[in-house]
Amino acid sequence: MAQRDRVSTDSISDKLAAFLDAVCRFLLVVGGLAALAGIAFVIYNYNAGSGSPALEAQAKQNITNFGHLALLGLTAVALAVTYLQWGEEVLGPLLIIAWAAFFFSPMYLPSIMGSPPMNAAGQNALDALQKASIPLGVIGLIDVILDVINRVKVSVREGSRADQLKYGKGVKEEKDIRNVILGKCWQLPYCRKFVRERCPIYHAHRTCWKERVGCMCDESVIRHAMEGRIIPSDSNAAAKLIPKDTKLTAEQKAERCRQCVIFNEHQKHKYKVAMPVAIGGMAGIYVLFHQPLAEGVQGAIADIDKLVGRATLRQDQQTSQSSGDLARTGLGGGDVAFNEVILVALLLVVLAYIIRLIEYMFFKAKV
Ligand code: SF4
């Protein structure tokens, strides 16, 4: 009965997944077409109506309507791509890059569109493109954050991937031992009581990963425990009984540690300590260096604007016009709320990559 219930639940969730998949593919196509049409017509109306107030009013109305179409289309595309490509590392960063391309269009679009000088319709077109891109940035940032949270949860639970473990794979956690954070090997849950009591590493108060030999990789440790070998309680005397493997090189022994469930647990502890340090450190940097960081964001945007101006041989008139556009974005014009959003988004993205680096260090390079 329970199995039949489970089968029927599985089939309902399969059907729901197939339905959502079909909906998202539909949204991707329809949203993509709507976004393309909306963006194309917004740009088409960029220079429209110069010299004629009636035509200019019509162009502005068109831009508003097609801007809404682009906004809806890009929202649908961002949601659909998020569902269809969930778990892909580049998903969030790519959406953020797409957002940036639209959002910073005031830097390059006036140069591309050339003369006549931008009129009110052009201003509205730039506004419409920026507004339409917001869902890409917001959904991209949410994707990055959720991806990081997901990775952290898996890393805290599992550490290294199971296929990287060779020694002690499948060994159950012991219940009699407290899992001491950053503890020695005998303070971790894979130290088995019957081995520990006769283990020279335990009695010497050392750790197996420092000695490069232990109960998971050296059979003599287990054999001596099974034989009931008595280990002196004096730590110096016990240390003399720690097995020495002379057949393997130091690097081979280090590699053996990297494949051991006990060392993996030790790495998980380092990760658990490093994570709050990274998050707290980033929060501290934001609070302590807020002023220079905010100025740095503004300065960087202004530098990019100058570079783009030089690359596109922007005329003086267009340069000043673009500087006005830049100010309009708030980046050069002191729009505090906007600068804050950009700064927080940048710090979150940097934090996401720091977390990846920490993962790499502890679960791949295993330092
Ligand atoms: S080597 Fe193994 S048995 Fe010995 S103390 Fe470390 S974890 Fe426990």
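Higher on the page you've got the structure.
This section reports on the structure supplied with the text. (Residues numbered from 1 in each chain as written. Predicted model: local features only at pLDDT ≥ 70, side-chain atom pairs only at ≥ 80, totals over all residues. Heavy atoms only, no water.)

**Regarding the pattern of salt bridges**
Then, number 1: Applying the stated criterion across every chain, the model contains 15 salt bridges.
Then, number 2: A salt bridge links E158 to R157; the shortest N-O distance between them is 3.3 Å.
Then, number 3: Relative accessible area serves as the criterion here: at 54%, R157 is assigned to the exposed category.
Then, number 4: R258 is the partner of E251 in a salt bridge, and the nearest nitrogen-oxygen pair spans 3.1 Å.
Then, number 5: Here the salt bridges do not stand alone but share partners, grouping E89, D147, R151, R356 and E359 into one network. (Salt bridge = Lys/Arg side-chain N within 4 Å of Asp/Glu carboxyl O. Buried < 20%, exposed > 50% of the residue type's maximum accessible area, 1.4 Å probe, protein only.)

**Side note on the layout of surface pockets**
Then, number 1: A volume near 660 Å³ is recorded for the largest pocket.
Then, number 2: Considering the residues around the largest pocket, the lining is formed by 36 residues, among which I96, W99, G137, L141 and A345 are closest to the centre.
Then, number 3: Only α3 (91-103), α5 (120-158), α13 (290-311) and α15 (336-363) provide two or more residues apiece to the lining of the largest pocket.
Then, number 4: When the residues that make up the lining of the largest pocket are grouped by side-chain class, the tally is 28 nonpolar, 3 polar and 5 charged.
Then, number 5: Here the second largest pocket defines a volume of roughly 420 Å³.
Then, number 6: Forming the walls of the second largest pocket are 15 residues, and the residues nearest its centre are R151, S155, R161, E359 and K364.
Then, number 7: When contributions to the lining of the second largest pocket are tallied by element, the ones reaching two or more residues are α5 and α15.
Then, number 8: Of the residues contributing to the lining of the second largest pocket, the split by class is 4 nonpolar, 4 polar and 7 charged. (1 Å grid on protein atoms, 1.4 Å probe; cavity = no way out; pocket = protein on both sides within 12 Å on 5 of 7 lines; lining within 4 Å. Points joined across faces, edges and corners; volume = space filled by probe spheres on them. Helix = DSSP H or I, 4+ residues; strand = E, 2+ residues; numbered from the N terminus. Nonpolar A, V, L, I, M, F, W, Y, C, P; charged D, E, K, R; others polar.)

**Quick notes on empty space enclosed by the protein**
Then, number 1: Applying the stated criterion to the full structure yields 3 cavities of 30 Å³ or more.
Then, number 2: In terms of lining residues, the largest cavity is bounded by 13 residues, among which C185, W186, C191, C199 and C215 are the most central.
Then, number 3: Elements that contribute at least two residues to the lining of the largest cavity include exactly α6 (193-196) and α7 (200-203).
Then, number 4: Forming the walls of the second largest cavity are 13 residues, and the residues nearest its centre are C208, G214, C217, C257 and C260.
Then, number 5: The residue inventory of the lining of the second largest cavity, partitioned by class, reads 10 nonpolar, 1 polar and 2 charged.

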